[in-house]
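Residue-level structural notes
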Amino acid sequence: GAGLESIPVSAAETWPFYSDQLIDAVDFIFVHIFPFWEGKTIDDATDTIFGHIYDIEKIANGKRIIVGETGWPTAGPNYDAAVPSIDNTRTYLNNFVCRANYEKYDYFWFSAIDEGWKPTNNASNVESHWGLLDADFKPKFEGDNWIDCKNYVPNKNSKILRDASSSEDSSSSSDGKHSLHGLSSGASAEGSLESGSESSASTVATTQLALGAMTLMLGAVVNALS
């Protein structure tokens, strides 16, 4: 119908298959990245996903990148060096969300609620354990502050820090002091998150997790009716 050409179109695909050809065909990039399925340790998981984001960004021709799915299972057998657990899920959740907010990437978390109907004979029997809530809608984590970016320290591999470092190397002042987004080298990493730092990051994270939950629930309704 008339006007449909104004609706942005994308394709949900895993990172190895986001080729130049696919990128040319979409209006924005909607990529699924799961360090767990790459057998990564929890310590390497965040650098792994952002490494893939940076690689896609190099060929994205300036198109917006959204992480369509990422997550970490809370139970089930290991997959190579990747270990499912509630603690690891919370670690990955916090590390990913804080870094994504800091680097200004949009995302959807997979998933809101455990899906007990999923098969248990996969490569690793974790498919029914990806939710932040269990199948009875009970939170798996204690308390209500699941994501805490207040004291977030940017990862040394962060694109922002690397770009800033490159800039500093080429424009160092005579007294040896540098700046990072308007901050002196003595400023805290937390200060570099200004413009609402804690409340902004928390609000964005909460909103996007809620959107992810609504998306999954809508999908469940559609599946039930089909």
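Residues numbered from 1 in each chain as written. Predicted model: local features only at pLDDT ≥ 70, side-chain atom pairs only at ≥ 80, totals over all residues. Heavy atoms only, no water.

1. Points about the confidence of the model for the protein chain
In this model, the protein chain carries a mean pLDDT of 78, and residues with pLDDT of at least 70 account for 70%. For the stretch residues 172-208, pLDDT sits under 50, and the model shows 39 contacts to residues farther than four places along the chain or on other chains. Note on residues 213-226: pLDDT is under 50 here. Beyond four places in sequence and across chains, it has five contacts. (pLDDT = per-residue confidence, 0-100. Contact = heavy atoms within 4.5 Å.)

2. Things to note about the side chain of Asn88
With respect to the element layout, Asn88 can be found in helix α3 (residues 86-103). Within the structure, Asn88 has its side chain in polar contact with the backbone oxygen of Val83 (distance 2.8 Å). Beyond its immediate chain neighbours, meaning those up to four positions away, Asn88 contacts Ile42, Trp72 and Val83. (Helix = DSSP H or I, 4+ residues; strand = E, 2+ residues; numbered from the N terminus. Polar contact = N/O pair within 3.5 Å; in protein donor to acceptor, adjacent residues only side chain to side chain.)

3. A look at the state of the cysteines
Inspection of every chain in the model, using the stated rule, returns one disulfide. Paired by a disulfide, Cys98 and Cys149 hold their sulfur atoms 2.0 Å apart. The sign of the -95° torsion about the S-S bond sets the Cys98-Cys149 disulfide as left-handed. Remark: Cys149 occurs in the loop between β4 (106-109) and α4 (159-170) and Cys98 occurs in helix α3; sequence separation between them is 51 residues. Comparing Cys98 with Cys149 shows no difference in burial state: the two are buried. (Disulfide = S-S within 2.5 Å. Buried < 20%, exposed > 50% of the residue type's maximum accessible area, 1.4 Å probe, protein only.)

4. Looking at the sheet that holds strand β1 (residues 12-14)
Adjacent strands of a sheet form backbone hydrogen bonds with each other and so pair up, either parallel or antiparallel. Taken in spatial order, the four strands line up as β1-β2-β3-β4 in an open sheet, and their pairing is parallel. The outermost strands of the open sheet, each flanked by one partner alone, are β1 and β4. Geometrically, the sheet is characterised by an average inter-axis angle of 30° between neighbouring strands, direction not taken into account. Contacting β3 (65-70) and β4, α3 runs over the sheet at an angle of about 160° to β4. (Pairing = 2+ DSSP bridges. Axes fitted to C-alpha atoms, helices over the stretch in contact; angles between N-to-C directions.)

5. Here's the deal with the pairing of strand β2 (residues 29-32)
Here three bridges tie β1 to β2, and the two strands are oriented parallel to one another. Paired with Thr14 across the two strands is His32, which belongs to β2. Following the chain from β1 across helix α1 (residues 20-25) to the adjacent parallel β2, one finds a crossover that is right-handed. Bridge count between β2 and β3: four bridges; the pairing is parallel. Paired with Phe30 across the two strands is Ile66, which belongs to β3. (Right-handed = clockwise from strand over helix to strand, strands pointing away.)

6. Concerning the packing of helix α2 (residues 42-58) against α3
If you want to describe how two helices pack, look at the angle between their axes and the distance between the axes. One can describe the packing of α2 onto α3 by two numbers: an axis separation of 9 Å at closest approach and a directional angle of 35°. Classified by chirality, the crossing of α3 by α2 is right-handed. Facing α2, whose interface residues are Ile42, Ala45, Thr46, Asp47, Ile49, Phe50 and Tyr54, α3 presents Asn88, Thr91, Tyr92, Asn95, Phe96, Arg99, Ala100 and Glu103. Across the contact of α2 with α3, the residue classes break down as eight nonpolar, four polar and three charged. (Left-handed = near helix turned anticlockwise from the far one by under 90°. Nonpolar A, V, L, I, M, F, W, Y, C, P; charged D, E, K, R; others polar.)

7. Details of α3
Helix length check: α3 (18 residues) gives 26 Å between terminal C-alpha atoms against 26 Å at 1.5 Å per residue, within 8%. Of all the 18 residues making up α3, 13 are buried; the element is thus mostly covered by neighbouring parts of the structure. Positive phi appears at Lys104, one or two residues downstream of α3, with a value of about 65°. (Expected span 1.5 Å × (residues − 1).)

8. A short note on the pattern of salt bridges
The final tally for this structure, using the stated rule, is seven salt bridges. Across the pair Arg99 and Glu103 runs a salt bridge whose closest N-O atoms are separated by 3.1 Å. A residue pair is termed a helical-turn pair when its members lie 3 or 4 positions apart in one helix, as Arg99 and Glu103 do in helix α3 at four residues. Put simply, Asp47, Arg99 and Glu103 are held in one network by salt bridges that share partners. (Salt bridge = Lys/Arg side-chain N within 4 Å of Asp/Glu carboxyl O.)

9. Notes on the packing of aromatic side chains
Under the defined criterion, the tally for this structure stands at 21 aromatic pairs. Look at Phe36 and Trp130: their rings are 5.7 Å apart centre to centre, the planes differ by 85°, and that puts the pair in the edge-to-face class. Of the two residues, Phe36 sits in the loop between β2 and α2 while Trp130 sits in the loop between β4 and α4, which places them 94 residues apart along the sequence. By relative accessible area, Phe36 is classed as buried at 0%. Here the aromatic rings of Phe50 and Phe96 are separated by 5.7 Å at their centres, their planes lie at 40°, and the arrangement is tilted. Taken as a pair, Phe50 in helix α2 and Phe96 in helix α3 lie far apart in primary sequence, 46 residues in all. The burial state of Phe50 is the same as that of Phe96; both residues are buried. (Phe/Tyr/Trp six-rings, centres within 6.5 Å; stacked < 30°, edge-to-face > 60°.)

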